Amino acid sequence: MNRKKIYPLYLAAIPAVVFIVFFLIPSTFGYYYAFTNWSAARTSGLKFVGMDNIIAVFSNSKVPVAFANTLIYAGVKTVMVTLLGFVFAYILNREIKSRTALRTVYFIPAIFSSLVVGLIFSAVFQTRHGTLNNMLNFFGISNIQWLGTRGTAVFAICVAEVWRNVGYAIIITLAGMQSVSSDYLEAAKLDGASEWQLFRQITLPLIMPTVNVNILFSLIYGLKMFDLIYVMTGGGPGNATESFGTLMMNEMSAGRYAQSVSVNLVFTVLLVIVSIVYQKFSSRWETVL
Amino acid sequence: MNRKIRRTNRILEVILWIFSVVTIYPMLLVLLTSVKSKGEASYLNLNLPSEWHFENYVTVLQKDFLQSLFNSVFISFISVALIVALAAFLSFIIVRRDTKGCRIAYKIVTLGIIAPFAALPSIQLLQKMGMYGSRISLCLIYAALYMPFTTMMFSGFIKGIPRELDEAAVMDGAVGGKLFATVIIPLLKPVLATTGVLNFMWVWNELQIPLYLLNSSSKWTLPLSVYNFYGQFSRSWNLVCADVVLVSLPVIIVYAFAQKWIIAGMTAGAVKG
Amino acid sequence: MKKQMALLLTGVFAISTMVLGTGVTAYAEGGQTLSLYGNADDLAKPYMQKIISMWEEASGNTIDQQGLDTDNAETIALTKFTTGDIPDLYIHFGNSNLQNFNPEENFVDWTDAEWVSDIQDSVLPQATYNGKIIGLPFWEASNSGCFYNKQIFEELGIKQPTTQAEFDAACDTLLENGVQPIYLAAADGWPILYQFALDPVLTDHPEYVEKLNAGEMKYADIPEFSDMCEWFRSAAEKGYFGKNFASDTWDYTSEVLGTGEAAMLFCWDTWFDTDYDSESFDYKAEDFGIMPVFMGSCDEGTYEGGNVNLMMANKNGDKVEAAKDFINFMADPENYNQAFDGVSTAAVFKQQTTNVNSTQYEENKESVDKLIRASSAQPKIVGYNQGEGGKALLQLMSGDITVEECVKLIDEDRIATLESFAQE
């Protein structure tokens with residue numbers, strides 16, 4: 001059978017064109033600006049400045065903190081979201097009476113945009129009249145400045161982001177679990193397989209691709225986080241909770257366009273590396289299982 | 001089901017409901033705040049409002065609500081249809097054809113979830129194409145932006161569908177599009193529904209991109225209306241929450257509908273013989 | 001099959017919404033529609049809405065108001081201008097960021113307009129760019145200073161301070177009596193308002209602005225700048241801003257002042273009318289007075305004059321005549337007096353009669369008129385940034401960095417912007 005005839009290229013033509021024209025081209029062009037002296041005050045007659053801007057990114061005093069934060073946000077988010085998503089999806093896949101209601105309830109956080117989630121959680125973590133502090137006060141503990149010190153602020157942001165994203169992980173993993181053909185499971189049960197064996201030998205391997213998407217997705221979007229942070233702390237106190245995304249936005253709003261794209265470019269290279277490394281790992285997992 | 005499994009399930013059910021407090025609390029917060037007066041709303045707590053200000057919803061509804069609602073619905077439906085359809089075909093070919101070129105193409109598509117929306121070049125491109133400011137251009141940009149994730153989702157699933165099925169269908173004379181429609185699509189139902197809902201949600205909630213790409217407020221989408229109440233000096237939390245509730249309702253409705261498809265996928269989409 | 005059905009339905013639905021959608025919008029028959037970009041907050045001001053509807057009625061034209069997201073309005077507008085998508089009308093503050101929008105190329109030159117002589121001297125500089133008047137200042141002007149709770153001051157026997165030392169002593173007294181001296185919403189950055197410290201210096205030394213903008217001078221070269229930083233540092237240490245300033249936000253200003261938890265606030269007088277929630281709290285607006293700001297850089301204290309928003313017209317647009325008509329309409333005394341009727345503001349126009357000066361101003365008129373300086377730091381220094389400066393100062397106040405490091409941070413940010421805007 002000629003694979004190329006069965007799966008003709010022309011079916012992929014339109015999607016490819018749309019993707020290339022409306023995304024790839026603008027993005028690539030966008031990166032070109034990092035090597036110029038583009039700014040809000042100068043839109044034509046741009047000069048090529050080579051690597052100047054890129055080098056400036058590395059000497060920016062805010063970058064180390066932002067870098068560390070970005071890794072923390074992404075790491076915590078990915079681990080917590082994937083784990084919780086998996087656990088909840090597994091439970092919600094069982095024969096539980098209020099399953100539909102529970103699924104809706106757990107999914108609703110995902111409906112809110114980052115802006116709204118940021119608003120809600122800044123209310124929760126407010127020093128004054130914040131929900132958390134109100135509860136602590138009830139137990140006689142005095143107010144904690146959640147968003148006022150680095151450690152607790154980073155924690156608060158992670159909580160907000162995990163809260164929002166567990167819903168996604170649940171429904172994606174669920175979809176994967178439900179695509180596992182029940183025939184396989186029936187057959188294996190007839191052969192006397194235990195529940196753990198069913199899970200380990202059939203379900204897990206078949207949903208690994210989905211879980212992988214989940215992890216990669218969490219990782220990449222975790223690294224890109226910015227509007228939630230912006231709303232909750234503005235990157236503060238000082239620069240304590242900045243991420244690469246917020247740094248980029250800062251440069252953008254100051255009109256330092258070329259610098260903004262440079263941060264973006266350096267960051268993208270980082271993300272590409274992460275993505276490639278991850279994909280190598282994940283394909284190894286998939287075959288092992 | 002034996003008794004032991006049923007008992008475990010019941011315990012799990014209870015545990016899940018206990019944990020759901022964490023999810024329900026903020027939603028309750030938003031709902032309650034939406035009917036408070038401005039002063040009370042700024043406390044953002046679960047106290048019952050001293051007076052119930054249902055007219056907040058009326059205030060929010062006044063500003064060109066119907067127009068932005070139509071815009072949002074129009075843009076969202078078209079975008080989602082595009083995203084899902086295009087991604088489905090793309091992933092089908094890339095995964096099954098599996099040539100070196102295809103694998104490279106897949107890697108490039110994955111890069112798509114990394115690179116952010118580039119406002120300025122996109123606007124310039126659309127201007128050159130003569131469609132800057134139109135709602136259709138927004139749909140096409142969304143299609144391109146959200147294609148990578150959906151493609152990755154589909155790819156994962158298609159990889160899990162045994163090639164024997166394809167081969168059986170080819171024996172019967174189905175290739176290309178027909179093969180896709182008869183074999184793959186029925187099995188993809190849960191994923192179709194899931195990605196449909198997710199994409200609908202993302203497109204619906206988009207705040208930044210419409211501001212950049214639309215040039216007339218008659219084309220604005222619904223979520224942008226929140227900016228009428230959220231400013232630098234005084235945030236009318238009560239109105240913001242009322243707005244959030246209204247803007248979130250359609251998404252919840254879509255999700256409720258899609259739930260049936262996701263479950264239907266489980267019972268109907270299994271391998272038949 | 002299902003997918004085809006779904007797509008078909010979508011198509012039908014889409015077409016019908018398009019048809020219905022365009023029908024629902026009602027635009028004036030025969031009149032022109034002008035586009036107006038601006039910050040959503042700014043457009044929402046009652047006098048803006050009023051003047052717009054007044055003109056729409058009088059002229060039969062419509063203004064399509066596109067209020068951009070407050071946090072990103074600058075960026076979004078900049079991007080649009082850069083791509084050539086320039087609206088017929090544009091509102092922007094008359095500060096140094098305006099240069100990014102190429103005022104000379106884009107905006108109508110009003111230097112010879114009749115109404116120029118009707119604008120107050122303290123405000124006119126902000127409407128000027130390279131010697132040309134590029135927009136109409138149509139905004140509230142406030143007197144900015146330090147609010148203080150008159151009752152608390154009286155109870156504790158504190159008199160209105162006239163020097164920095166007296167001010168600090170007043171703060172000490174308040175602290176001793178369990179009242180937080182100043183509420184500083186440092187988490188939001190901008191409320192630190194360090195331009196108060198700079199205005200007097202720049203008024204005495206106008207050449208500093210030119211030198212800063214030419215890269216010949218730095219904040220580090222201005223001793224008063226470091227004095228200001230040092231004041232903030234020691235004030236925070238002494239507890240003048242309370243314990244939670246790192247997470248205090250502007251949302252709670254009403255409550256903190258109204259309950260008497262804090263006695264003072266750096267702010268602008270029109271705030272009492274537009275934002276203060278008088279009904280909910282014990283202390284009413286009349287219980288507060290305004291006094292000079294003492295930030296370590298100017299011993300007699302200072303007030304700051306208003307920052308105004310400018311209405312500008314696209315001189316290359318195809319609706320420029322209608323746009324000019326709108327602006328002239330706005331500048332007509334009959335019209336602006338109607339729009340600003342009862343609005344709390346200092347007078348921006350010389351023939352403005354219907355505005356209401358704040359009680360705080362009226363009570364302390366002498367002090368304000370004597371010590372007020374035009375807002376110079378924020379509008380004129382290229383790269384002046386309230387938010388970034390606020391962040392650095394917060395780090396200083398939290399004890400994370402030294403005064404030199406703080407000045408350096410703020411300088412670096414300013415210079416980065418200066419360099420990226422430099423014309424070579």
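Residues numbered from 1 in each chain as written. Chains lettered and ligands numbered in written order. Predicted model: local features only at pLDDT ≥ 70, side-chain atom pairs only at ≥ 80, totals over all residues. Heavy atoms only, no water.

A. Quick peek at the overall build of chain C. Helix and strand counts for chain C stand at 19 helices and 13 strands. For a compact globule of 424 residues, the expected C-alpha radius of gyration is about 22 Å, and chain C comes in at 24 Å, within 12% of that figure. Considering only C-alpha atoms, chain C reaches an extent of 70 × 60 × 45 Å along its principal axes. Across the 424 residues that make up chain C, the buried fraction comes to 59%. Within chain C, contacts between residues at least 6 apart in sequence are counted, and of these 76% link residues at least 24 apart. On chain C, roughly 16,800 Å² of surface is accessible, and the fraction owed to carbon and sulfur atoms is 48%. Charged side chains in chain C number 25 positive and 70 negative. The centres of these two groups are separated by 4 Å. (Helix = DSSP H or I, 4+ residues; strand = E, 2+ residues; numbered from the N terminus. Rg over C-alpha atoms; globule rule 2.2 N^0.38 Å. Buried < 20%, exposed > 50% of the residue type's maximum accessible area, 1.4 Å probe, protein only. Contact = heavy atoms within 4.5 Å. Areas by Shrake-Rupley, 256 points an atom, 1.4 Å probe, with all protein chains shown as cover. Lys, Arg positive; Asp, Glu negative; His and termini not counted. Charge placed at Lys NZ, Arg CZ, Asp CG, Glu CD.)

B. Seen up close, the overall build of chain B. Across its full length, chain B carries twelve helices and zero strands. Traced from its N-terminal end to its C-terminal end, chain B shows the element sequence α-α-α-α-α-α-α-α-α-α-α-α. The burial tally for chain B puts 61% of its 273 residues in the buried class. The contacts in chain B between residues at least 6 apart in sequence include a share of 72% that link residues at least 24 apart. Here chain B has roughly 11,000 Å² of accessible surface; of this, 67% comes from carbon and sulfur atoms.

C. Spotlight on the packing of aromatic side chains. All names here are of chain C. Taken as a whole and assessed by the stated rule, the structure comprises 63 aromatic pairs over all chains. Centroid distance Phe-138 to Phe-340: 5.0 Å. Interplanar angle 50 degrees. Geometry classified as tilted. Here Phe-340 lies in the loop between helix H14 (333–339) and helix H15 (359–363) and Phe-138 lies in the loop between strand S6 (136–137) and strand S7 (144–149), a separation of 202 residues in the sequence. When its relative accessible area of 0% is taken as the criterion, Phe-340 is described as buried. Three or more aromatic residues link up through ring pairs in this structure, and these residues are Phe-147, Trp-190, Trp-250, Trp-268, Trp-271, Phe-272, Tyr-276, Tyr-283 and Phe-288. The side chain of Arg-414 reaches across the aromatic face of Tyr-219, ending 4.7 Å from its centre. (Phe/Tyr/Trp six-rings, centres within 6.5 Å; stacked < 30°, edge-to-face > 60°. Lys NZ or Arg CZ within 6 Å of the ring centre and 35° of its normal.)

D. Spatial organisation of empty space enclosed by the protein. For the structure shown, the criterion picks out six cavities of 30 Å³ or more. There is about 110 Å³ of room inside the second largest cavity. Considering the residues around the second largest cavity, the lining is formed by 13 residues, among which Ser-113 and Val-116 of chain A together with Asn-205, Val-244 and Val-247 of chain B are closest to the centre. Elements with a contribution of two residues or more to the lining of the second largest cavity: helix H6 (114–125) of chain A together with helix H12 (237–268) of chain B. A total of four residues in the lining of the second largest cavity trace back to one element, the largest contributor, which is H12 of chain B. (1 Å grid on protein atoms, 1.4 Å probe; cavity = no way out; pocket = protein on both sides within 12 Å on 5 of 7 lines; lining within 4 Å. Points joined across faces, edges and corners; volume = space filled by probe spheres on them.)

E. Representation of a nonpolar patch on the surface. There is a patch of nonpolar side chains on the surface, built from Ile-72, Val-76, Val-79, Met-80 and Leu-83 of chain A and spanning about 400 Å² of accessible area. Examined against the element boundaries, Met-80 of chain A turns out to sit in helix H4 (residues 63–92). (Patch = residues over 30% accessible without salt bridge, like charges linked within 9 Å, V, L, I, M, F, W, Y side chains within 5 Å. Salt bridge = Lys/Arg side-chain N within 4 Å of Asp/Glu carboxyl O.)

F. The arrangement of the confidence of the model for chain C in detail. All names here are of chain C. In the predicted model, chain C carries a mean pLDDT of 86, and the fraction of residues at 70 or more is 92%. Overall, residues 1–29 carries pLDDT values under 50, and its contacts beyond four positions in sequence, including any with other chains, amount to 30 contacts. Predicted complex, confidence summary: ipTM 0.79, pTM 0.80. (pLDDT = per-residue confidence, 0-100.)

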